[in-house]
Amino acid sequence: MPERALAVDIGGTKLAAAVVDADGRVAGFVERPTPVTTDPQVLFAHLQATIAATLQAAGVAPATLCAIGVGCGGPMRYPEGRVSPLNIPAWRDFPLRARLEASYGLPVRVDNDAKAFALGEYWQGAGRGARALLGMVVSTGVGGGLVLDGQLVHGAQGNAGHIGHVIVRPGGPRCACGARGCLEAIAAGPSLARAAVRALGRGTASALRGVAPLTGEAVAAAARAGDPLALTLLAEAGRAIGQALASAAALLDLDRVVIGGGVSQAGTLLFTPLQAEVAHRARLAFTRDLTVVPAQLGRRAGVVGAAALIFQAADATVVRPGRRS
Ligand SMILES: [Zn+2]
């Protein structure tokens, strides 16, 4: 039987867990809302309950697992696994890796959820076979991870791949990071919603008027229904992503970009302007071959990515039982 890992995906709105084997098969997938709390222990207890439900659904005892892989919102200290997710106020410098090691007696790797997403799509999804992959998540924020020459890239502090803070509109909207004109300030769901509010304030006619709450999902839904303002905003987001990708492709000699996350559910309404912008901007011989495709792993991308942190690990941060000497 192939080795099995416990895979955990921790986000601001959802906690997910599953048992994933070394061939990428998923068992016992459980997804629950992230509790709204400021108490770090309450949140950790919720995570443990989610894990217990997964182990029961998969019929697996912790002792038969080789390790725990965790994708979590950043920022964090890597590889120590002390996490301070922007969207999870209960955890500030929370020792997630140490707490999981103590609770389950297994080696644990905690990494940024967007890096895990990229590695998961490389392992089992739309990134298979890529030589130089950027995996991107466009949802509440814009995150990313790089898999170059088969290796997940970490960077000096574990944050490589933060494409959301590449600047595409100097002097543009203020970003949560403090800069202006970051990709995230234009293409993330809340940024689309803010741009819609500004346009409505200028008197632009739109089916979005009176929609509450006005979210990125509401903009995407209105675009699918043909609303001109929503279509304009999604096209603007697509062009901004395309500009960032053209720069990233030149810097890293990328051959593939995989895009997932809620905003990417808009499909061709986002991808058509995005790909046109890439074709227009990426003019070097080696960047012209870049392909940009939607993610394939859907709701399970988070847990498959978390398992990829174990099964695609290139270094000895996690010592798997079979390799102990
Ligand atoms: Zn920024």
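Please refer to the structure placed before this passage.
Residues numbered from 1 in each chain as written. Predicted model: local features only at pLDDT ≥ 70, side-chain atom pairs only at ≥ 80, totals over all residues. Heavy atoms only, no water.

Student: What should I look at first to understand the overall build of the protein chain in this one?
Tutor: Helix and strand counts for the protein chain stand at 9 helices and 13 strands. A globule of 325 residues ought to have a C-alpha radius of gyration of about 20 Å, and the protein chain, at 20 Å, matches this closely. Judged by the C-alpha coordinates and their principal axes, the protein chain covers about 65 × 45 × 35 Å. For the protein chain, the residues scored as buried account for 53% of the 325 residues in total. Contacts in the protein chain between residues far apart in sequence, at least 24 positions, make up 63% of those at least 6 positions apart. Accessible area for the protein chain stands at about 14,000 Å²; split by element, carbon and sulfur atoms hold 54% of it. Averaging the coordinates of the 31 positive side-chain charges in the protein chain and doing the same for the 22 negative ones gives two points 4 Å apart. (Helix = DSSP H or I, 4+ residues; strand = E, 2+ residues; numbered from the N terminus. Rg over C-alpha atoms; globule rule 2.2 N^0.38 Å. Buried < 20%, exposed > 50% of the residue type's maximum accessible area, 1.4 Å probe, protein only. Contact = heavy atoms within 4.5 Å. Areas by Shrake-Rupley, 256 points an atom, 1.4 Å probe, with all protein chains shown as cover. Lys, Arg positive; Asp, Glu negative; His and termini not counted. Charge placed at Lys NZ, Arg CZ, Asp CG, Glu CD.)

Student: Quick question: what am I supposed to make of the coordination of the zinc ion here?
Tutor: When a metal carries six donors in an octahedron, the ideal angles between them are 90 or 180 degrees, while four donors in a tetrahedron ideally lie at 109.5 degrees. Each protein donor to the zinc ion is listed here as H165 (ND1), C175 (SG), C177 (SG) and C182 (SG); together their distances run 2.0 to 2.4 Å. Geometry at the zinc ion is tetrahedral, judged from its 4 donor atoms and the angles of 105 to 120 degrees they form at the metal. When the donor residues of the zinc ion are listed from N- to C-terminus, their spacing reads H-x9-C-x1-C-x4-C. Of the two residues, H165 is situated in the loop between β11 (151-152) and α4 (184-187) and C175 in the loop between β11 and α4; the sequence distance between them amounts to 10 residues. Judged by relative accessible area, H165 falls into the partly exposed class, the value being 28%. (Donors = N, O, S within 2.8 Å, 3.2 Å for Na, K, Ca; no water. Tetrahedral: all angles 85-135°; square planar, octahedral: opposite > 155°, others 65-115°.)

Student: How should I be thinking about the sheet that holds strand β5 (residues 76-77) in this particular structure?
Tutor: The pairing of strands in a sheet comes from backbone hydrogen bonds and takes either a parallel or an antiparallel form. Read across the open sheet, the 3 strands follow the order β5-β6-β7; overall the sheet is antiparallel. Looking along the sheet, the strands with just one partner apiece sit at the ends: β5 and β7 (94-95). Alignment of strand β6 (residues 82-83) against β7, held across 2 bridges, turns out to be antiparallel. Following the sheet pairing, V83 is matched in β7 by F94. (Pairing = 2+ DSSP bridges.)

Student: What exactly am I supposed to notice about unusual backbone geometry here?
Tutor: Peptide bonds are, in most cases, trans, and in most cases residues other than glycine have a negative phi. The omega torsion across Y78 and P79 is 5 degrees, close enough to zero to call that bond cis. Relative to the assigned elements, P79 resides in the loop between β5 and β6. For the bond from A212 to P213, the omega torsion is -5 degrees, close enough to zero to count as cis. Its place among the elements puts P213 in the loop between α5 (189-201) and α6 (216-224). Not every positive phi belongs to a glycine, and D253 is a case in point at roughly 55 degrees. Looking at the secondary structure, you find D253 in the loop between α7 (228-252) and β12 (256-260). Its relative accessible area of 43% is what places D253 among the partly exposed residues.

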